[in-house]
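Breakdown of the fold
Listed here are the chains, written in short residue letters.
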Amino acid sequence: MNPVEPAGGPLDGRTILRFAHAYTSGGGVERLLDDLDGILLARSAATVVRLYIGQPGVDVPREISVGRGRLCLVPLFLRDGGARSLASDHEAAPGLKQRLRNAILYQPMIWRTMGRRYTLRRKLPPRSGEVKGAGECLVQLAQQRHLDLCVLHFFGGADAEEVLLQAHRYGIPVALQNHFANDRFDNLSIRKHALLADGVAGVSGIDVPAYVSSRFVNLSDGIDLACFDRGQASPVDAPADTAVILMPARIVRPKGQMDLVNAAAELQRRGLNFQIAFAGRVDSAPFEKELRDRAAELGVTDRVRFLGQLPAANLRDWLAASAAVAFPTYHHEGLSRILIESQAMGVPVVAYNTGGNREAFVDGQTGFLVRTGDVDRLADCLAKLLVDPALRKRMAEAGPGFARQRYGLEAVAQRHEEFYLKLIARGPVARAR
């Protein structure tokens, strides 16, 4: 009997270029791209070319087989020996100066008469934290292979603009995918790129600006449900009689770890038996020291533990050992994957109402949504989960079904495929050029 040939995939024969201010490992966008490319290439004999931030003298272009397709990893290097990606600037909420400028420039009459023209003509200066040679890299790739679509996972910088303009020069449609809160689209540079792009997408439908809403696509996000399965978890080095409150996030001020340390003092005052475990890459050593110093000042040093960055399998193990996940972030989250992963593992969540977080779980059913910055309420919600096993069990049981229905990778892949194919079929649109 002849072997059964795999059915054709939606993206068979297509080549997708990704430009991302991301590394080869880490959380957030890095894990999202790995999961996304993994499922897309499992479904189609396609090629994904990913431009990423590499380490000079270490990283070189390489191509690997993934599923039925190929993943080409092409490193770009930070300009002027910069130590951090400009992407970190996207983590902060718009400042007062930017909000005032937006309030004036984006008035409908001003926007129609001069604002749009000014935005499109405004030249973006190269900045430290951007990558060098991004446009040249795209030209080389376009000459070597047929690129069907260019997806910018980072935009608003001069490097992204090089890629966008060169892609259009070669007749390649360009899509923007926002991974942060949608108010980032009101950033002047990002607004320019949204006007020039052929498609615009995000991971949340919250706070989409009017100027882009008619062509905005909510691609949402997804996780590998096969990985985040409680049945596969292994034991971790945690006290059996102590409730673990896990916070998986990079150690950097906007993520809000300080609020959880402050809440720990209140939980200890109430006589609760708990341990807070911070899991994530240290992006700010000075901030980590502040956290340790604050824990010592409050007398909760023995309640706070730093696990470092965890691979997905180890994160799964710690989730299975946790009573709750806390996510008091100030970072302008798009859709926090850790909230989805926690629910898939049957762990209730307590999160600030920041960015798209309120789309990631069901307040009162799979966790608690807390006003951003309300440390007292954060402590109250965590205390409720720790002292009420029945409540914790009820929320834990509701989480996996919600995560499976909304955020499975197959559903995410289908949304991306439909978005990509629509743009490829239409080709570049002379929107603002």
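A brief look at the structure comes next. (Residues numbered from 1 in each chain as written. Predicted model: local features only at pLDDT ≥ 70, side-chain atom pairs only at ≥ 80, totals over all residues. Heavy atoms only, no water.)

A few words now on the overall build of the protein. Along its length, the protein carries 15 helices and 15 strands. Taking 433 residues into account, the globule formula puts the C-alpha radius of gyration at 22 Å, and the protein, at 22 Å, falls close to it. By residue count, 55% of the 433 residues in the protein fall in the buried class. Pairs at least 24 apart in sequence give 73% of the contacts found in the protein among residues at least 6 apart. Of the roughly 18,500 Å² of accessible surface on the protein, 51% is carried by carbon and sulfur atoms. Computed over 55 positive and 47 negative side-chain charges, the separation of the two mean positions in the protein equals 6 Å. (Helix = DSSP H or I, 4+ residues; strand = E, 2+ residues; numbered from the N terminus. Rg over C-alpha atoms; globule rule 2.2 N^0.38 Å. Buried < 20%, exposed > 50% of the residue type's maximum accessible area, 1.4 Å probe, protein only. Contact = heavy atoms within 4.5 Å. Areas by Shrake-Rupley, 256 points an atom, 1.4 Å probe, with all protein chains shown as cover. Lys, Arg positive; Asp, Glu negative; His and termini not counted. Charge placed at Lys NZ, Arg CZ, Asp CG, Glu CD.)

For the rest of this paragraph, the subject is unusual backbone geometry. With phi around 60 degrees, Asp207 is a residue other than glycine that occupies positive phi space. Structurally, Asp207 is set in the loop between strand 8 (199–202) and helix 7 (210–213). Positive phi, normally seen in glycine, also occurs at Ser220, with a value near 55 degrees. With respect to the secondary-structure elements, Ser220 resides in the loop between strand 9 (216–218) and strand 10 (243–248).

Okay, the nonpolar core next. Leu246, Phe278, Leu319 and Leu382 are the most contacted members of the largest nonpolar core, which totals 65 residues. For this core, the element with the most residues is helix 13 (residues 375–387), which contributes seven residues. (Core = buried A, V, L, I, M, F, W, Y, C linked by side-chain atoms within 4.5 Å.)

Further remarks concern the pattern of salt bridges. With the rule as written, the count across this model stands at 29 salt bridges. Across the pair Lys393 and Glu397 runs a salt bridge whose closest N-O atoms are separated by 2.5 Å. Here Lys393 pairs with Glu397, and both are found in helix 14 (residues 389–407), just four residues apart, close to one helical turn. When salt bridges that share partners are traced, they join Arg31, Asp35, Asp221, Arg337 and Glu341 into one network. (Salt bridge = Lys/Arg side-chain N within 4 Å of Asp/Glu carboxyl O.)

Bringing helix 4 (residues 134–144) into the picture now. For helix 4, the complete set of buried residues consists of Ala134, Gly135, Cys137, Leu138, Val139, Leu141 and Ala142. Considering only its buried residues, helix 4 is in contact with strand 1 (15–19), strand 2 (47–53), strand 4 (69–78), strand 5 (131–132), strand 6 (149–152) and helix 5 (158–169).

Along the chain, the position of Ala383 falls in helix 13. C-alpha of Ala383 to C-alpha of Ser336: the two residues are 47 residues apart in sequence and 23 Å apart in space.

Bringing the sheet that holds strand 14 (residues 349–352) into the picture now. Strand order in the open sheet formed by six strands is 12-11-10-13-14-15, and the pairing between neighbours is parallel. Two strands close off the open sheet at either side, each with one partner strand: strand 12 (304–308) and strand 15 (367–370). Strand-to-strand twist of the sheet, defined as the mean angle between neighbouring strand axes without regard to direction, takes the value 20 degrees. Both strand 10 and strand 13 (residues 322–327) contribute to a ladder of three bridges, which runs parallel. (Pairing = 2+ DSSP bridges. Axes fitted to C-alpha atoms, helices over the stretch in contact; angles between N-to-C directions.)

The geometry of two aromatic rings is summed up by the distance between their centres and the angle between their planes. Scanning the entire structure with this criterion turns up six aromatic pairs. Within the aromatic cluster, the residues linked to one another by ring pairs are Phe155, Phe185 and Phe216. Sitting over the ring of Tyr106, Arg191 keeps its end group 3.5 Å from the ring centre. Lying across the ring of Tyr211, Arg191 places its NZ or CZ 3.9 Å from the centre. (Phe/Tyr/Trp six-rings, centres within 6.5 Å; stacked < 30°, edge-to-face > 60°. Lys NZ or Arg CZ within 6 Å of the ring centre and 35° of its normal.)

Relative to each other, helix 11 (residues 337–344) and helix 14 sit at 125 degrees, their axes nearing to 7 Å. As summarised for this structure, helix 11 and helix 14 are arranged oblique, according to the angle between their axes. On helix 14, the residues that touch Ile340, Gln343 and Ala344 of helix 11 are Gly399, Pro400, Phe402, Ala403 and Tyr407. Counted by class, the contact of helix 11 with helix 14 contains six nonpolar, two polar and no charged residues. (Parallel < 35°, antiparallel > 145°, perpendicular 65-115°, else oblique. Nonpolar A, V, L, I, M, F, W, Y, C, P; charged D, E, K, R; others polar.)

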